[in-house]
Amino acid sequence: MISVVLPTYNEADNVPIVLARLSDALRGREFEVVVVDDASPDGTATVAERAAENLGIRAVVIRRPGKLGLSSAIMHGIMHARGDVVVVMDADLQHPPEKVPELVEAIFEGADIAVASRYVPGGRVEGWPLYRRLVSRGAVVLSRLLIDKARPVRDPVSGFFALRKDVVRGVDIRPSGSYKVLLDILAKGRYKRVVEVPYVFGHRYRGRSKLGVGTILGFVLQVLKLSGWRPLKFAAVGSTGVAVAMAVLYLAVDRLGIQPLLGGLIAVETSILNNYVLNRHWTFRSDVGFVEGYLKYHAAVALGAVTNYAVYSALVLLGISIYVSYIVGVACGYLANYLMSEAFVFKK
Ligand code: GDD
Ligand code: MN
């Protein structure tokens, strides 16, 4: 059986149409709809029950006592779904119900998760202003950079997807805040094959979006949490490395009278060793062989050092202040180092 989970908050005008179009799209298949309503003041829950009755489709309406959030509503719905295949979609018609059979088919053909995607060929967004497009693209880039399991997916922040129930059965997903529950599922679920099906994210039919500017902060926190806070740990280690290098420079050059060029080399090497040890034990908790990892780590941070310097030089040539240029260079070098370390030195 197929279960379609619909989280709702004030969607009374939309939900009867969603149900009618779903019932057409899924005609001839066994399915249920699980509406998870957060005490919508506009009476969405009752409207949904009546609409389902009129259409003669099986619907479970879960009434939660208050607005507890989109991600938790979706997980609540998935846990109560009786189907082996669960579809999650918005109730405002921005996710076309006619795409559902294609998602379900992808699961029947062996995918564990089928993501309706705006960012594969054929997919797109209709009528978003520039700033929403940028925020969405930024969210995708950030997720894919920092959450390794989200990396293969072009639209890992999609709210429209299908999955085999086994992907989350017995897994403690506990949505990490924000409203991008697919990220939690990709990061923690049990699955092998993910496919993406293009779709066009349409206009909201009636009513207003519930997601505001505050959700962006929640999103950044969610991504950091799902990345195990590793990018922040990596940055913290990097700053201890800078402190260590300064101390070594002082000791070697000012106190012991070693040549500045040689002292600089010693400082760099000491900070690399410092960072390597801390990242190995703390940031990545890796069991790579000590020496093997140490050598690889040099290769990994070499790119960062070069990136740092290249960005710095380019910005200085553009007439930007050396301090600003250097800070931007360090940030770019840091990102390059982080990605190389994760992908190449400390990979599981
Ligand atoms: N139960 C419940 N509780 N439902 C909620 C809540 C809540 O706190 N907040 C929102 N919803 C429901 C809405 O009623 C709607 O069906 C769906 O969740 C999406 O909410 P919108 O307010 O329409 O979100 P959006 O259009 O701005 O954002 C969408 O875009 C993202 C892609 O960028 C959402 O579809 C996301 O799911 C999607 O990831
Ligand atoms: Mn919407």
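Structure's up top.
Here we summarise the structure given alongside this text. On a predicted model such as this, the values are computed, not experimentally measured, just so you know. Going along each chain's sequence as written, the residues are numbered from 1 onward. Chains carry letters from A onward and ligands carry numbers from 1 onward, assigned in written order. With the structure being a predicted model, the display of local features is reserved for residues of pLDDT at least 70 and the display and counting of side-chain atom pairs for 80 or more, all residues being used for whole-chain, interface and lining totals. Here the side-chain values reflect all heavy atoms present in the structure, with hydrogen atoms and water set aside.

## Details of the sheet that holds strand β3 (residues 58–63)
Then comes step 1: Here a strand pair is declared whenever DSSP counts at least two bridges between the two strands. Going along the chain from the N terminus, every DSSP run of H or I of four or more residues is numbered as a helix, and every run of E of two or more is numbered as a strand. Read from one edge to the other, the open sheet built from seven strands follows the order β3-β2-β1-β4-β7-β5-β8, with strand pairing classed as mixed. Only two strands of the sheet have a single neighbouring strand rather than two, namely β3 and β8 (194–198). Direction aside, the axes of adjacent strands within the sheet are offset by 20° on average.
Then comes step 2: Sheet analysis places strand β5 (residues 113–117) next to β8, joined by five bridges and oriented parallel. Each residue of the ladder has a partner; that of Ile113, found in β8, is Val194.
Then comes step 3: Contacts are assigned to residue pairs that have any heavy atoms within 4.5 Å of one another. Between the N-to-C directions of two axes lies an angle of 0 to 180 degrees, each axis being a line fitted to C-alpha atoms and, for a helix, fitted only over the stretch in contact. With respect to the sheet, helix α1 (residues 15–25) is in contact with β1 (2–8) and β2 (31–37), its orientation differing from that of β1 by roughly 165°.
Then comes step 4: Against the sheet, helix α3 (residues 70–80) makes contact with β1, β2, β3 and β4 (85–88), and its axis sits at roughly 155° relative to β1, the strand it touches most.

## Some details on the coordination of the manganese ion (ligand 2)
Six octahedral donors around a metal ideally subtend angles of 90 or 180 degrees, whereas four tetrahedral donors ideally subtend 109.5 degrees.
Then comes step 1: Only nitrogen, oxygen and sulfur atoms qualify as donors, provided they sit within 2.8 Å of the metal or within 3.2 Å for Na, K and Ca; with water excluded from the atoms, sites may seem incomplete. Surrounding the manganese ion (ligand 2) are the protein donor atoms Asp92 (OD) and Gln94 (OE1), which sit 2.0 Å from the metal.
Then comes step 2: Residue Asp92 is classed as buried on the basis of its relative accessible area, which comes to 3%. Residue burial is assigned from relative accessible area. The probe radius is 1.4 Å, only protein chains are included, and a residue is buried under 20% of its type maximum, exposed over 50%, and partly exposed in between.

## Here's the deal with the pattern of salt bridges
Then comes step 1: One speaks of a salt bridge when a side-chain nitrogen belonging to Lys or Arg is within 4 Å of a carboxyl oxygen belonging to Asp or Glu. Inspection of every chain in the model, using the stated rule, returns 18 salt bridges.
Then comes step 2: Measuring nitrogen to oxygen at the nearest pair gives 2.6 Å for the salt bridge that ties Arg27 to Asp24.
Then comes step 3: Here Asp166 and Arg169 are joined by a salt bridge, their closest N and O atoms 3.1 Å apart.
Then comes step 4: Of the residues examined, Asp166 reaches a relative accessible area of 42% and is grouped as partly exposed.
Then comes step 5: Given a relative accessible area of 43%, Arg169 falls into the partly exposed group.
Then comes step 6: Among the charged side chains, a network of salt bridges with common partners joins Glu11, Asp92 and Arg204.

## A look at the environment of His203
Then comes step 1: Turning to its location among the elements, His203 is positioned in the loop between β9 (200–201) and α7 (214–226).
Then comes step 2: Taking the C-alpha atoms as reference points, His203 and Phe344, separated by 141 residues in sequence, lie 42 Å from one another.
Then comes step 3: Filtering out sequence-adjacent residues up to four positions away, His203 remains in contact with Asp92, Leu93, Gln94, Glu126 and Gly127.

## Structural notes on the site of ligand 1
Then comes step 1: The nearness test applies per residue and asks whether one of its heavy atoms lies within 4 Å of the molecule or strand. Not every one of the 27 residues close to ligand 1 is listed here, only the nearest: Glu11, Asp90, Arg204, Ser209 and Lys210.
Then comes step 2: We define a polar contact as two N or O atoms separated by no more than 3.5 Å, with the added condition that, inside protein, one atom must be a possible hydrogen donor and the other a possible acceptor, whereas residues neighbouring each other in sequence contribute only through side-chain atom pairs. In the model, an oxygen atom of ligand 1 is placed 2.9 Å from a nitrogen or oxygen of the Arg118 side chain.
Then comes step 3: Here Lys180 contributes a side-chain N or O atom positioned 2.8 Å from an oxygen atom of ligand 1.
Then comes step 4: Considering ligand 1 on its own, with 740 Å² of exposed area, one finds that the protein chains cover 98% of that surface. Here the accessible surface of atoms and residues is derived via Shrake-Rupley with a 1.4 Å probe, and residues count as covered only by protein chains that are part of the display.

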